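Observations on the model geometry
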Amino acid sequence: MGKTIAQKIFDRHLVNKPFGDEINVLRLDAVFCHEITTPIAINDLVSRGKDRVFDPTKIKAVIDHVTPAKDSKTAEQGKILRDWARRNNIKDFFDIGRNGVCHAIFPEKGFVRPGYTVIMGDSHTCTHGAFGAFAAGVGSTDLEVGILKGVCTFKEPKTIKIVLNGKLQEGVYSKDLILFIIKELTVNGATNMVMEFTGPVIDAMSMESRMTLCNMAIEAGGTCGVCYPDMVTVDYLWPFIKNDFASKEAALKEYSQWVSDADAEYHEVREYDVTKLEPMVTYGNKPDQVKTVREMEGAPVDQIYIGSCTNGRIEDLRIAAAVLKGNKISDNVRGIVSPATPAIFSQALAEGLIAIFQDAGFCVTNPTCGACLGMSNGVLANGEVCASTTNRNFTGRMGKGGTVHLMSPATAAATAITGKITNSPLFKK
Amino acid sequence: MKNFKGKVLFLDRSDINTDEIIPAKYLTESSKEALKPFLLEDLELAGFNPRTDIKGKAVIVTRANFGCGSSREHAPWALEVNGINVVLAENFARIFRQNMYNCGMMAIELPKEQIDMLFKKYSGKDCEIEVDLAKSIITVAAGSDKDQLQVKIADFDKCLVEAGGWVEYADKNY
C-alpha cells in the first residue's frame, strides 16, 4: 500500500509514538509566531524558568493582528514578542514597517518548503500546505512546547483527496472553488483530516491561488490543506533555493518525493468537474452556508474589505483593481483594502493598483489582520454588513452584531461599485 | 488534577465556534482571569443568557463540532476560569480538543444517541455530571434519574489530564 504526502512527511519527522498509533510526536521544521497567541506562551516559559527556544533559526515571528498597536494592551503584546525575539536571537522577526499578515509574509520570505512540518498559534496555518508541507494551527500550549522543544503531537493523518477536473471559467477563482468545496464537505466534514487538492485545476493555479485554497481548509474542519509541489512551486521558491540546486529541474526532482503514491490509502476521495462553477458567496454565519453570487445578487452591504491571509496577495489586488479601474464605489458603502505585506504594497504601488483603489474611493491601510477578526482597522457596527475577501463569516466576527459575506476579490470589487452583492464583469456568463 | 464534577450547562446547538466562546476583541487580555466575564458572550442560542446561565456550572453538554474556527486557547481558558473543565459533545474541532487536554481539561466524545439521550432526559433539570477518569465512566444524575456511561478516553489524553497538561509532559519526555 502506498502513502499519502502527509504520511510521508509524518514518517520523515517522527520522533516517537509514546502511546502506540494513538499519537505521533513530530519534529518541527518551522514554528511561526504572532503577537496574539505567543505572548501567553512566552510568559509561561518565563514563569517556568525556561525562557529559551529550541532553534532560533527555525522560529519566525511577526506582529500582524493589531498593528500599529491600537491601545496599551496591544502595545504590551507587541512588546512581549519583540523583547522575546531579541533575547532569544530570533533574527526573522518582522516589526512594524516590515510586517505583514503571517500567512502571506512567511511564504513570501521562502520560509516554507515542500516536506516541511510547520505549526503556528493560528488556525489558518493550513495555508502553507500549498507548498506540499504539513502545516497546522495549534493553541498556545502546543506553540509553547514547539518553541521550547521543536516537537508537536498529531494523530495519524487521514486524508480526503479532492480531485478537481476541468478548467475554471474566466472570473471564477480559487476562493469561489474553496467556498464550493466547504459547502460540499460542511464545516465539520474534514475534522481531523488533511485535505489534499489535486487535478488539472490545481496544476493550472498560481501559488497565490493555492494558498487561498489551502487557507480555508480549516473552515471545513481540516487540519491542513495540501497541494503537491510542482514547477509552479519551484518557480515561486527559486530565489530562495537557487544556491541549493543546480537547476529548477533538479529542485523539482528532489521535491517530487512529496507527492502521494498512486495506491495511497484515503479516508475519502471526491472528484468534481468545476468547469461550470460560478462565483460563490456565503450567507448566514457559517462558512458552509454558500450560494452562487447570482442567487445572492442585490443584497445590500455597508462595507467592502479586500485583504487578509486568504485574499490580500498581489494577484488578488490585481483582480480587484481590474474591476475597479475607472469606477467609483457606491455612495452607500465604504471600501477598505489592506495589502497583506509591505512587498505586496510596494508592488501594487508600482503597478498603479493603489492609485486605482484610491481613485475609486477605497481607504488603503497598512498590512494587518485587524478587520478580519474585528480587532482593528475596519470593525463593523451593530447591524452592518460587510462584503469581505476574508475566511470567516461567524456571528460578530468583524464586529459585534455585524454580518459578513465571504467572496472573491472580483466579487468584492464589483459589490463596492454597486453597493449590493454583484457578479464581477470579469465573469461573462 | 482539575475538578471534573458539577452542574451542567446544556448548549443545544452544533458548530459553536471559538469566536462565540470568546470574541477576538478580548484576545488582547494577557491574563486568563480577565476573560471570565466574556465567556459565550456572542453565542447564538435562543433563550441563552450568559450573565445568568453560566454561573455555578462545571460541565457543558453540547452537540457536534464544538470549538470550531480559531485556534485561540483563550476558549478553554475562558471555560476554565469559569469553573468549567469538561465538555461533552458528539465531536470537537481538532485544535480546540487538543487545547483542552493540553490544559489538563477534558473534551469527551459521546455517540450521537447518548448526546440525544442526555438532552432529552436531563436538559432543563437540575443535572449534575461527574467524570471518573480512572474508570472512564461518566455519571449523570438529576433527582431520581441516574445514568452511567462508559466513555473512551485515550491513554495519551488521560496522561495529559493527570500530568496537568502538555508542557509538563513534554518537558519530562522530550
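What counts as what
Residues numbered from 1 in each chain as written. Chains lettered and ligands numbered in written order. Predicted model: local features only at pLDDT ≥ 70, side-chain atom pairs only at ≥ 80, totals over all residues. Heavy atoms only, no water. Helix = DSSP H or I, 4+ residues; strand = E, 2+ residues; numbered from the N terminus. Rg over C-alpha atoms; globule rule 2.2 N^0.38 Å. Buried < 20%, exposed > 50% of the residue type's maximum accessible area, 1.4 Å probe, protein only. Contact = heavy atoms within 4.5 Å. Areas by Shrake-Rupley, 256 points an atom, 1.4 Å probe, with all protein chains shown as cover. Pairing = 2+ DSSP bridges. Axes fitted to C-alpha atoms, helices over the stretch in contact; angles between N-to-C directions. Right-handed = clockwise from strand over helix to strand, strands pointing away. Core = buried A, V, L, I, M, F, W, Y, C linked by side-chain atoms within 4.5 Å. Parallel < 35°, antiparallel > 145°, perpendicular 65-115°, else oblique. Left-handed = near helix turned anticlockwise from the far one by under 90°. Nonpolar A, V, L, I, M, F, W, Y, C, P; charged D, E, K, R; others polar. Buried area = accessible area lost by both parts, 1.4 Å probe. Salt bridge = Lys/Arg side-chain N within 4 Å of Asp/Glu carboxyl O. Polar contact = N/O pair within 3.5 Å; in protein donor to acceptor, adjacent residues only side chain to side chain. Domains from an automatic or database assignment. 1 Å grid on protein atoms, 1.4 Å probe; cavity = no way out; pocket = protein on both sides within 12 Å on 5 of 7 lines; lining within 4 Å. Points joined across faces, edges and corners; volume = space filled by probe spheres on them. Arc of directions from axis to C-beta.

Helix and strand content of chain B: seven helices and seven strands. Relative to its length of 174 residues, chain B is compact, with a C-alpha radius of gyration of 15 Å against a globular reference of 16 Å. Seen along its three principal axes, the alpha-carbon backbone of chain B occupies a region of about 45 × 35 × 25 Å. In chain B, which comprises 174 residues, the share counted as buried stands at 61%. Within chain B, residue pairs in contact and separated by at least 24 positions form 65% of the contacts whose partners lie at least 6 positions apart. Looking at chain B as shown, the accessible area adds up to about 6,700 Å², and 46% of this sits on carbon and sulfur atoms.

All names here are of chain A. The sheet built from three strands is open, its strands ordered 1-3-9 with antiparallel pairing. Edge positions in the sheet fall to strand 1 (14-16) and strand 9 (151-154), since each of these pairs with one other strand and no more. On average, each strand axis in the sheet is inclined to that of its neighbour by 40°, with strand direction left out of account. Where strand 3 (residues 24-27) lies against strand 9, four bridges are found, and the strand directions are antiparallel. Looking at strand 9, one finds that Arg-27 is bridged to Val-151.

Moving on to the pairing of strand 10 (residues 158-165) of chain A. Residue and element names in this part refer to chain A. The pairing of strand 10 with strand 11 (residues 193-198) spans six bridges and is classified as parallel. Looking across to strand 11, one finds that Ile-160 is bridged to Met-195. In this region the chain leaves strand 10, passes through helix 6 (residues 174-185) and returns to the parallel neighbour strand 11; the handedness of that crossover is right-handed. Where strand 10 lies against strand 13 (residues 268-273), six bridges are found, and the strand directions are parallel. Counterpart to Ile-160 in the pairing with strand 13 is Glu-268.

Before going further, it helps to examine the nonpolar core. Core analysis: the largest hydrophobic core is formed by 70 residues, its most contacted members being Leu-11, Leu-88, Met-106, Ile-108 and Ile-138 of chain B. Excluding residues within four positions of it along the chain, Ile-138 of chain B makes contact with Leu-88, Ile-108, Leu-110, Ile-129, Glu-130, Val-131, Asp-147, Gln-148, Leu-149 and Val-151 of chain B. Counting 66 residues, the second largest nonpolar core, distinct from the first, contains Ile-160, Ile-162, Phe-180 and Leu-185 of chain A.

All names here are of chain A. Axis separation between helix 2 (residues 38-47) and helix 3 (residues 72-87) bottoms out at 9 Å; the angle between their running directions is 55°. Viewed along their axes, helix 2 and helix 3 adopt a mutual orientation that is oblique. Relative to helix 3, the crossing made by helix 2 is left-handed. The segment helix 2 lies against helix 3, with Thr-38, Pro-39, Ile-42, Asn-43 and Val-46 engaging Gln-77, Ile-80, Leu-81, Trp-84 and Arg-87. Of the residues assigned to the contact of helix 2 with helix 3, the class counts are six nonpolar, three polar and one charged.

On the side of chain B, 43 residues touch chain A, which itself brings 48 residues to the contact. Interface area for chain A against chain B, summed over the two sides, is near 4,000 Å², with a carbon-plus-sulfur share of 55%. As a salt-bridge pair, Arg-397 of chain A and Asp-19 of chain B come within 3.1 Å of each other at their nearest N and O atoms. In this structure, the connection of chain A to chain B is made through 26 residue pairs in polar contact (both at pLDDT 80 or more). Of all the secondary structure elements, the ones that give two or more residues to the side of chain A that touches chain B are strand 1, strand 2 (18-21), helix 2, helix 3, strand 8 (134-137), helix 5 (140-149) and strand 9 of chain A.

Take the domain arrangement of chain A next. The extent of an interface is frequently quoted as the accessible surface area lost upon association of the parts. All names here are of chain A. In terms of domain boundaries, chain A breaks down into domain 1 (5-154), domain 2 (158-273) and domain 3 (280-418). Centre-to-centre, using C-alpha coordinates, domain 1 lies 22 Å away from domain 2. At the interface, 26 residues of domain 1 touch 30 residues of domain 2. For the pair domain 1 and domain 2, the summed buried surface comes to about 2,300 Å²; carbon and sulfur atoms form 66% of the total. Joining domain 1 to domain 2, the criterion identifies one salt bridge. Within the residue set of the side of domain 1 that touches domain 2, elements represented by two or more residues are helix 1 (5-13), helix 4 (102-108) and strand 8. For the side of domain 1 that touches domain 2, the element with the most residues is helix 1, which contributes five residues. Classifying every residue of the side of domain 1 that touches domain 2 by side-chain character gives 13 nonpolar, eight polar and five charged.

So, about the environment of Arg-51 of chain B. Within the element layout of this structure, Arg-51 of chain B appears in helix 2 (residues 50-53). Along the backbone, Arg-51 of chain B and Ile-108 of chain B are 57 residues apart, and their C-alpha atoms lie at a distance of 26 Å.

This brings us to empty space enclosed by the protein. All names here are of chain A. Scanning the entire structure with this criterion turns up five cavities of 30 Å³ or more. What the largest cavity holds in volume is close to 240 Å³. Considering the residues around the largest cavity, the lining is formed by 24 residues, among which His-65, Asp-122, His-124, Leu-373 and Arg-397 are closest to the centre. Looking at the lining of the largest cavity, the elements that each hand over two or more residues are helix 4 and helix 12 (308-311). For the lining of the largest cavity, the per-class residue count stands at eight nonpolar, twelve polar and four charged.

All names here are of chain A. Buried residues dominate helix 5, accounting for nine of its ten residues. Within helix 5, the full set of buried residues consists of Ser-140, Thr-141, Asp-142, Leu-143, Glu-144, Val-145, Gly-146, Ile-147 and Leu-148. Downstream of helix 5 by one or two residues, Gly-150 has phi in the positive range, about 70°.

Working definition: the strands of a sheet are paired by backbone hydrogen bonds and lie parallel or antiparallel to each other. All names here are of chain A. If you walk across this open sheet you meet the four strands as 12-11-10-13, and the pairing is parallel. Two strands lie at the open edges of the sheet, namely strand 12 (224-227) and strand 13, each paired on one side alone. Neighbour-to-neighbour, the strand axes of the sheet open up by a mean angle of 20°, direction not taken into account. Sheet contacts for helix 6: strand 10, strand 11 and strand 13; angle to strand 10, the most-contacted strand, approximately 130°.

This part takes up helix 9 (residues 231-241) of chain A. Residue and element names in this part refer to chain A. Every buried residue of helix 9 is listed here: Thr-233, Val-234, Leu-237, Trp-238 and Ile-241. The arc enclosing the buried residues of helix 9, seen along the axis, measures out at 150°, which places them on a common side. Those residues of helix 9 that are buried lie in contact with helix 8 (207-215) and helix 10 (248-255). Its side-chain oxygen placed 3.0 Å from the backbone nitrogen of Val-232, Asp-230 serves as the N-cap of helix 9.

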